[in-house]
Amino acid sequence: MSKVQPWWIQTNNNTIGTVCKPLSDHIRESEDNHQITEEAEHPNLVWLRADHSTPIWRSRLGSKMELLLSLLCILCLVSPVLGQDMPYEEYMAQIQACPKECRCPPNFPRAVYCDNKGLKSMPKIPPHTWYLYLQNNLIEVLSADSLSNATQLRWLNINRNNITDAGVEKGALSAMPHLVHLYMDDNLLSSVPSPLPASLEHLRLSRNRISKIPAGVFNGLDKLHLLDLQGNKLMDDDVTEVSLKGLNNLVQINLAKNQLSSMPLGLPSTTTQLFLDGNNIEKIPAGYFKGLPKVAFLRLNHNKLGSGGVPKNVFNVSSILDLQLSHNQLTEVPLIPTGLEHLHLDHNRIESVSGSNVCPVDVEAVDDSVNESMPRLRYLRLDGNAIKPPIPRDVILCFRLLRSIVI
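Note on numbering: residues in each chain are counted from 1, in written sequence order. pLDDT decides what is reported in this predicted model: residues at 70 or higher carry local features, side-chain atom pairs at 80 or more are listed and counted, and totals for whole chains, interfaces and linings draw on all residues regardless. With hydrogens and water excluded, all non-hydrogen atoms of the structure serve as input to the side-chain values.

Let's hear about the overall build of the protein: which residues, and what values?
Here a strand is any run of E in DSSP of at least two residues, a helix any run of H or I of at least four, and the numbering for each starts at the N terminus. Broken down by element type, the protein carries 4 helices and 17 strands. Each residue is assigned to one of three classes by its accessible area relative to the maximum for its type, calculated with a 1.4 Å probe on protein chains only: buried under 20%, partly exposed between the two thresholds, exposed over 50%. Across the 407 residues of the protein, 47% fall into the buried class. Residue contacts are counted whenever heavy atoms from the two residues lie within 4.5 Å of one another. Considering only residue pairs separated by 6 or more positions, the protein has 49% of its internal contacts joining residues 24 or more positions apart. All accessibility values rest on the Shrake-Rupley procedure with a 1.4 Å probe; residue burial counts only the protein chains present in the view. Surface exposure of the protein reaches about 20300 Å², of which carbon and sulfur atoms provide 50%.

Talk me through the packing of aromatic side chains; I want residue IDs and the actual numbers.
For Phe, Tyr and Trp, rings pair up if their centres lie within 6.5 Å, where Trp contributes its six-membered ring, and each pair is then called stacked (planes under 30 degrees apart), edge-to-face (over 60) or tilted (otherwise). By the definition in use, this model includes 6 aromatic pairs. Ring centres 5.4 Å apart and planes at 80° place the aromatic pair Trp155 and Tyr183 in the edge-to-face group. Here Trp155 is found in strand β7 (residues 155–157), whereas its partner Tyr183 is found in strand β8 (residues 181–183), with 28 residues between them in sequence. Classification of Trp155 by relative accessible area gives partly exposed; the value is 24%. Site record: aromatic cluster; members linked through ring pairs are Phe108, Trp130 and Tyr131. We note Arg103 situated over the ring of Tyr113; from NZ or CZ to the ring centre the distance is 4.7 Å. The rule for a charge over a ring is simple: NZ of Lys or CZ of Arg within 6 Å of the ring centre, and within 35 degrees of the ring normal. For Arg154, the ring lying beneath its charged end belongs to Trp130, and the centroid distance is 4.0 Å.

Before we move on, can you summarise the pattern of salt bridges with the specific residues and values?
When a carboxyl oxygen of Asp or Glu is within 4 Å of a side-chain nitrogen of Lys or Arg, the pair counts as a salt bridge. Tallied over the full model, the rule gives 9 salt bridges. The residue Asp228 makes a salt bridge to Arg204 at a minimum N-O spacing of 3.5 Å. On the criterion of sequence distance, the pair formed by Asp228 in strand β10 (residues 226–228) and Arg204 in strand β9 (residues 202–204) is long-range, its members being 24 residues apart. Of the residues examined, Arg204 reaches a relative accessible area of 23% and is grouped as partly exposed. The partner of Arg381 in a salt bridge is Asp346, and the shortest N-O contact between them spans 3.5 Å. Note that Arg381 is positioned in strand β16 (residues 379–381) and Asp346 in the loop between β15 (342–344) and α3 (355–358), a separation of 35 residues in sequence. Residue Arg381 is classed as partly exposed on the basis of its relative accessible area of 25%.

Treat this as a map of the structure, not an account of what it does.
Structure representation (structure tokens):
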């Protein structure tokens, strides 16, 4: 008799893998002075097939040996499932329902990969899917029917498709009460889709054609931390307190590469990271950041800011750690707040820098002791200006923690 082969389970076009090997290759047991070696020496051993077409395996081995082998086979069966914290019945149902156009890895059964398939429509998604990848296709409709069973979905990536506003079917998004991450970058949307699941934490809509944020679209989205709207067609009247209402816990908002000519109004007071690169902003209102007491990372690169549009103390906010003003039209270095650690001023029109003008404290009062009043600046970038080295001594004396200056 030929050597017994590993036991494979097959379901439609998906192979789960080796569930149980012939243990005669690994176990040597002495019972009643008989040595167990190869299966060829024990033709009484019959193996179970996955299609249930043969009876469960029987052996004339002793009862203890039979129990041991049974337990080990069961462990082989459930080990990949236990790793996913997924009941075996759900595991089998998920694998069997995998769309033929997609890939459902046996060792990651809650994920369904349908990306880069040239799909023009969405397949029916299995019921126990948590992670769904549909990016890089030709899909035009976010289908409510295709997602009707995917009520457990946590992560939906449908970037780089052809979805329009009309292509977002009614109820397609709101029917997923556990959805945390929604990625719809690089589609054809002209408005923020609605209604959105209240469970959302990350919403990415960059590089669409969005020119409208409907009033109330974010109501109830108390868990949303990240909103990415870069690369759209938003103007000043589109980003207002009314349109952003409901974002009570937002941490990061990206409005870069839109058509803003002034600083956006109505941003949530919880905002920590604000990205406004690549707009047409010419000035910052005095006291603008009083309404953003937690802002730590501020990017205004590639705008039209001149020194006349930047009030002297406008950045004097204790929370700001990283300030980027590269590629603007500044002729002076703004007053540097005490807590600021990184400042990017490259590619402006600055001709000189003076410690007496930019130091947030009296230069003469700065000593070598590290205390709360000592300026924290560690990185300063000034290249692409008309500044010629060396850096004035009073600048060095003010910023004792400075480790890198780029001129």
